[in-house]
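Below, each chain spelled out in residue letters.
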Amino acid sequence: MFGIDETGTVDFATESFASWLDTTPAHLTGTRFEAVVAPDSGDPLADVEALRERPAGRTRRCQAFVRRGEEPVAVTFEFAATERRQVVGTVQRRTDRYRKLFEESHDAIVLFEIVDGRPVVRAVNTAFVTTFGYERNDIVGESLNEFIVPDELWDEATDYDRRTAAGETNHAVVSRKTVDGRREFVYRGLSYTTADNHRYGFAIYRDVTDDRRRRRRLQVLHRVLRHNIRNDLSVVIGTADYIEQTSHEFEHREAAARILTAAERISSVSEQARAVERALASRSDRAIDAAEVVRSVVETYDCVRADAPASAPVTGGVAVYSAVQNLVENAVTHTRDGAAVRVTVTDETDEWCLRVADDGPGIPAIERGAVFDDEDITTLNHGTGLGLWLARWVAESAGGELRYDRDEGWTVVTLVLPRADTDDVLSPRAVESDPTAAR
């Protein structure tokens, strides 16, 4: 506790308050209150003076920063008027309960105050110093934008500042300057208003530069390779087919047939990869009727029997259709001639289970280990198709999972998807007629 007289001077201080400021009551007494408060803390003394005109016992709170060591500390002052026009105050650190979370977060975090429409830095965590390279002493008290916003993105940053000043939240992928050059971040901006009507906020930055660059490079490689493979395979298939049809030599026709089979297999995998890319590019947060998906898929097969309720809304979007189609096609390919593939849709509390069962030999242990048990994928233990992988990725994107089981000679693959609690459910048939519905 401490007291402030009519001249704005500290006229007493308790041992606990003085020691918290790394000083003594004797040294603090007689000090102007402005010397205790850090720059850019508003005007807490104005609250003190206003309180002198109020009846004894009235209180007032305000937010400020005090000088303590090298870094200003955010506090809440509570002032109370006394009968002798003296004002006594107590102080509570605002960030104590959150300091560990703030300081030890792996994301770069800035505590700022909106001053004249600009975000002025009040504190930064260690991850910010490490990520951006600016020292605390250099940036605290300065405009955040001046340090990290590229010149051509100034309007974008100003728009975010306006939203923050209006109490709105921000979430975007942004490009920002560091001492080592520009990086890309997932940015989240949160704001709050203090009791004395000052606007503060947190800017949180997660560095995604390497991930985004890697993803873009893979996309380019994938598209270039797929394009080249498709074009070159057309030549290979056409040439092999010509040789097989026109050659008078048995050995030549036999070699051409082998070439044709291998080329068509590669072409099939390339088309599967293209289908996977399209499916995973769709929104996984959209709801779709899994029961209608199953009925739509199985009607194209004579050997598939389905048991599904009238409706089964799940999360996963139109990619669920591709996942079910691949699972059913795999089952049909590996089941015995004349045997039926069974597809069932069951309600299990917060999720729907789509089970595809066939009486074939089962998925080989090597491929099963990679898809279902996260074993390492090597040149010796990967399968030739992508159907199971697609089903797993669709399930994971939706927050579900893909399961495998052997039950009395039957191979059962189960696509588990979260229940969708919404009336806005996509129809797979509507998507087929209007592909933009998936976006």
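Note that the coordinates shown come from a computational prediction; the quantities given were computed from them, not determined experimentally. (Residues numbered from 1 in each chain as written. Predicted model: local features only at pLDDT ≥ 70, side-chain atom pairs only at ≥ 80, totals over all residues. Heavy atoms only, no water.)

Caption draft 1: Highlighting the overall build of the chain. When helices and strands are counted, the chain shows 16 helices and 18 strands. Buried positions account for 42% of the 439 residues belonging to the chain. Summarising the internal contacts of the chain: among those between residues at least 6 apart in sequence, 54% fall at separations of at least 24. Of the roughly 24,000 Å² of accessible surface on the chain, 49% is carried by carbon and sulfur atoms. (Helix = DSSP H or I, 4+ residues; strand = E, 2+ residues; numbered from the N terminus. Buried < 20%, exposed > 50% of the residue type's maximum accessible area, 1.4 Å probe, protein only. Contact = heavy atoms within 4.5 Å. Areas by Shrake-Rupley, 256 points an atom, 1.4 Å probe, with all protein chains shown as cover.)

Caption draft 2: Inspection of the side chain of Arg 176 at higher detail. For Arg 176, the location among the structural elements is in strand 8 (residues 170-178). Of the polar contacts made by the side chain of Arg 176, one reaches the side chain of Glu 156; its length is 3.3 Å. (Polar contact = N/O pair within 3.5 Å; in protein donor to acceptor, adjacent residues only side chain to side chain.)

Caption draft 3: Representation of the nonpolar core. Of all hydrophobic cores here, the largest spans 42 residues; its most connected members are Val 324, Leu 327, Val 343, Leu 354, Leu 402 and Leu 415. Counting residues per element, the ones that place at least two in this core are helix 12 (290-298), helix 13 (319-334), strand 14 (341-348), strand 15 (351-358), helix 14 (365-372), helix 15 (387-398) and strand 17 (410-418). When residues of this core are assigned to their parent elements, the largest contribution, eight residues, is made by helix 13. In this structure, Leu 415 is in contact with Ala 323, Val 324, Leu 327, Trp 352, Cys 353, Leu 354, Ala 391, Ala 395, Glu 401 and Leu 402, ignoring residues within four places of it in sequence. (Core = buried A, V, L, I, M, F, W, Y, C linked by side-chain atoms within 4.5 Å.)

Caption draft 4: A look at the confidence of the model for the chain. A residue-level look at the chain finds 87% of positions with pLDDT of 70 or above and a mean pLDDT of 83. Ranking the elements of the chain by mean pLDDT puts helix 16 (residues 428-433) last, at 56, and helix 8 (residues 144-148) first, at 94. Low pLDDT, under 50, characterises residues 379-384; the stretch is placed with nine contacts to residues that sit more than four places away or in other chains. The low-confidence segment residues 433-439, where pLDDT is below 50, has nine contacts with residues more than four positions distant or belonging to other chains. (pLDDT = per-residue confidence, 0-100.)

Caption draft 5: A look at the sheet that holds strand 11 (residues 287-289). Spatially, three strands are ordered 13-11-18 in an open sheet, and the strand pairing comes out mixed. Where the open sheet ends on each side, the last strands, each with one partner, are strand 13 (313-315) and strand 18 (425-426). With two bridges connecting them, strand 11 and strand 18 associate as parallel partners. Bridging across to strand 18, Ala 287 finds its partner in Val 425. Relative to strand 11, helix 12 is tilted by about 50°, and along the sheet it contacts strand 11 and strand 13. (Pairing = 2+ DSSP bridges. Axes fitted to C-alpha atoms, helices over the stretch in contact; angles between N-to-C directions.)

Caption draft 6: The environment of Val 269, seen in detail. Structurally, Val 269 is set in helix 11 (residues 250-281). For the pair formed by Val 269 and Gly 387, sequence separation is 118 residues and the distance between their alpha carbons is 9.8 Å.

Caption draft 7: Focus on the packing of helix 14 against helix 15. Close contact between helix 14 and helix 15 brings their axes to 10 Å; oriented N to C, the two are set at 20°. Accordingly, the angle class assigned to the pair helix 14 and helix 15 is roughly parallel. In this structure, the crossing between helix 14 and helix 15 has a hand that is right-handed. Along its contact with helix 14, which presents Glu 367, Ala 370, Val 371 and Phe 372, the element helix 15 presents Leu 388, Trp 389 and Arg 392. Partitioning the contact of helix 14 with helix 15 into residue classes produces five nonpolar, no polar and two charged. (Parallel < 35°, antiparallel > 145°, perpendicular 65-115°, else oblique. Left-handed = near helix turned anticlockwise from the far one by under 90°. Nonpolar A, V, L, I, M, F, W, Y, C, P; charged D, E, K, R; others polar.)

Caption draft 8: Structural view of a negative patch on the surface. The grouping of Glu 135, Asp 138, Glu 142 and Glu 146 at the surface amounts to a negative patch. Within the secondary structure layout, Glu 146 lies in helix 8. We classify Glu 146 as exposed; its relative accessible area is 54%. (Patch = residues over 30% accessible without salt bridge, like charges linked within 9 Å, V, L, I, M, F, W, Y side chains within 5 Å. Salt bridge = Lys/Arg side-chain N within 4 Å of Asp/Glu carboxyl O. Lys, Arg positive; Asp, Glu negative; His and termini not counted. Charge placed at Lys NZ, Arg CZ, Asp CG, Glu CD.)

Caption draft 9: Looking closely at the sheet that holds strand 6 (residues 108-115). One open sheet holds the five strands; their spatial order is 7-6-10-9-8, and the pairing between them is antiparallel. Of all strands in the sheet, those with a lone pairing partner are strand 7 (118-124) and strand 8, marking the two edges. Each neighbouring strand pair of the sheet contributes to a mean axis angle of 40°, computed without reference to strand direction. Pairing between strand 8 and strand 9 (residues 181-193): nine bridges, direction antiparallel. Each bridged residue has a counterpart across the sheet, and for Ser 175 the counterpart in strand 9 is Glu 184. Where helix 9 (residues 154-165) meets the sheet, its contacts fall on strand 6, strand 7, strand 8, strand 9 and strand 10 (199-207), and the angle it forms with strand 8 comes to roughly 135°.

Caption draft 10: Highlighting the pairing of strand 7. Counting buried residues along strand 7, six of its seven residues qualify, which places the element largely inside the surrounding structure. Bridge analysis of strand 6 against strand 7 gives six bridges, and the strand direction is antiparallel. Residue pairing across strands places Val 110 opposite Val 124, the latter belonging to strand 7. Between strand 6 and strand 7, which follow one another and run antiparallel, lie two residues, and Asp 116 among them has a positive phi close to 55°.

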